[in-house]
Amino acid sequence: MVPRRHRIALLLLLAATLPAPAAVADDGDPAGWSVRTDPRKRAFLVATDRAGGPRLLTIACLRDAESFGLYAIGLPGLNGSADGVRLTLGAGGATFAVTGSISPDPMSNAPSFSHDDDIEGPARNALAGRLLPVLKASGPLVVTVGDGPPREIPLADRPPLKGIATPLATFEKICFGR
């Protein structure tokens, strides 16, 4: 379990760095995949359906806080409130799964999934070994929350959706130092 102080720090960070509600894309978010970074070695890999649309998936890596988070909103299977819910990402035969909680998004009140984890030392390398094969696979990325139906998010460029390759390269460099 992630220490409470790390979860609180991450929530405060997200509130400070993501001025728009979590369900709404930031002004600069394109359709598809993008990455937000800051000088503190923090990277947020974001997937949206359309420019100005909801942020379906946010993968956060905070090197300065040795923290990793995965957040989803607006996906099938996000209902009510629950702990111990499994979110699975799959693509090209590779899978990555985390356990988190479903609760109302503080800004939009829509059901959202959140998972936070410490990634100090060897945990960062282990995370890279589990997450990157999924994000680098041929798509689409299939996201499943609990027993809900799967939701596909394209990984490749599909105009007007931007593909994951360029944002992922930046995310990988900041998060995993590669």
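It should be noted that the structure appears before, not after, this text.
It should be emphasised that the depicted structure is a prediction, and the values quoted were computed from it without experimental measurement.

> Report on the sheet that holds strand β3 (residues 55–62), specifying residues and quantitative values.
Within the open sheet, the nine strands sit side by side as β1-β2-β3-β4-β7-β6-β5-β8-β9. Their pairing is antiparallel. In this open sheet, the two edge strands, each paired with only one partner strand, are β1 (32–38) and β9 (151–153). Here the average twist between neighbouring strands, direction ignored, is 25°. Strand direction decides the pairing type here: β3 and strand β4 (residues 67–73), joined by six bridges, are antiparallel. Considered in β4, the bridge of T58 is made with Y71. Strands in contact with helix α2 (residues 122–135) are β2 (42–48), β3, β4, β5 (82–91), β6 (94–104), β7 (111–118) and β8 (141–145); relative to β6, the strand with the most contacts, it is inclined by about 100°.

> An account of the pairing of β7 is needed here, citing residue identities and associated values.
Pairing geometry for β4 and β7, over seven bridges, is antiparallel. Counted as the bridge partner of G69 is D116 from β7. Looking at chain direction, β6 and β7 are connected through four bridges and run antiparallel. Residue pairing for β7: S103 is matched across the bridge by S112. The loop that links β6 with its antiparallel partner β7 comprises six residues; one of these, N109, has a positive phi angle of about 70°.

> Give me the state of the cysteines: which residues, what numbers.
The final tally for this structure, using the stated rule, is one disulfide. Sulfur-sulfur distance for the disulfide between C61 and C175 comes to 2.1 Å. Where C61 bonds to C175 through sulfur, the torsion about that S-S bond is close to 80°, and the disulfide is right-handed. One end of the pair, C61, is in strand β3; the other, C175, is in helix α3 (residues 165–176), with 114 residues separating them in the sequence.

> How would you sum up the pattern of salt bridges? Please name residues and give values.
Enumeration according to the criterion identifies seven salt bridges in this entry. Residue D38 pairs with R40 through a salt bridge whose shortest N-O separation is 2.8 Å. Classification of R40 as partly exposed rests on a relative accessible area of 41%. Salt-bridge contacts for D64 lead to R42; the nearest nitrogen and oxygen are separated by 2.5 Å. Within this pair, whereas D64 is found in the loop between β3 and β4, its partner R42 is found in strand β2, the two being separated by 22 residues in sequence. The exposure class assigned to D64 is partly exposed, which follows from its relative accessible area of 40%.

> Run through the packing of α2 against α3, naming residues and quoting values.
Close contact between α2 and α3 brings their axes to 11 Å; oriented N to C, the two are set at 170°. Between α2 and α3, the angle falls in the class roughly antiparallel. Taking contact as the criterion, the partners of R124, L127, A128, L132 and L135 in α2 are, on α3, L168, E172, C175 and F176.

> Now, about the environment of W33: what can you tell me, with residues and values included?
For W33, the position within the fold is in strand β1. Apart from residues lying up to four places away in sequence, W33 is in contact with L45, V46, A47, L57, L141, I153, P154, L155, K162, G163, I164 and P167. A distance of 2.7 Å separates a polar atom in the side chain of W33 from the backbone oxygen of P154.

Parameters at a glance
- Residues numbered from 1 in each chain as written.
- Predicted model: local features only at pLDDT ≥ 70, side-chain atom pairs only at ≥ 80, totals over all residues.
- Heavy atoms only, no water.
- Pairing = 2+ DSSP bridges.
- Helix = DSSP H or I, 4+ residues; strand = E, 2+ residues; numbered from the N terminus.
- Axes fitted to C-alpha atoms, helices over the stretch in contact; angles between N-to-C directions.
- Contact = heavy atoms within 4.5 Å.
- Disulfide = S-S within 2.5 Å.
- Salt bridge = Lys/Arg side-chain N within 4 Å of Asp/Glu carboxyl O.
- Buried < 20%, exposed > 50% of the residue type's maximum accessible area, 1.4 Å probe, protein only.
- Parallel < 35°, antiparallel > 145°, perpendicular 65-115°, else oblique.
- Polar contact = N/O pair within 3.5 Å; in protein donor to acceptor, adjacent residues only side chain to side chain.

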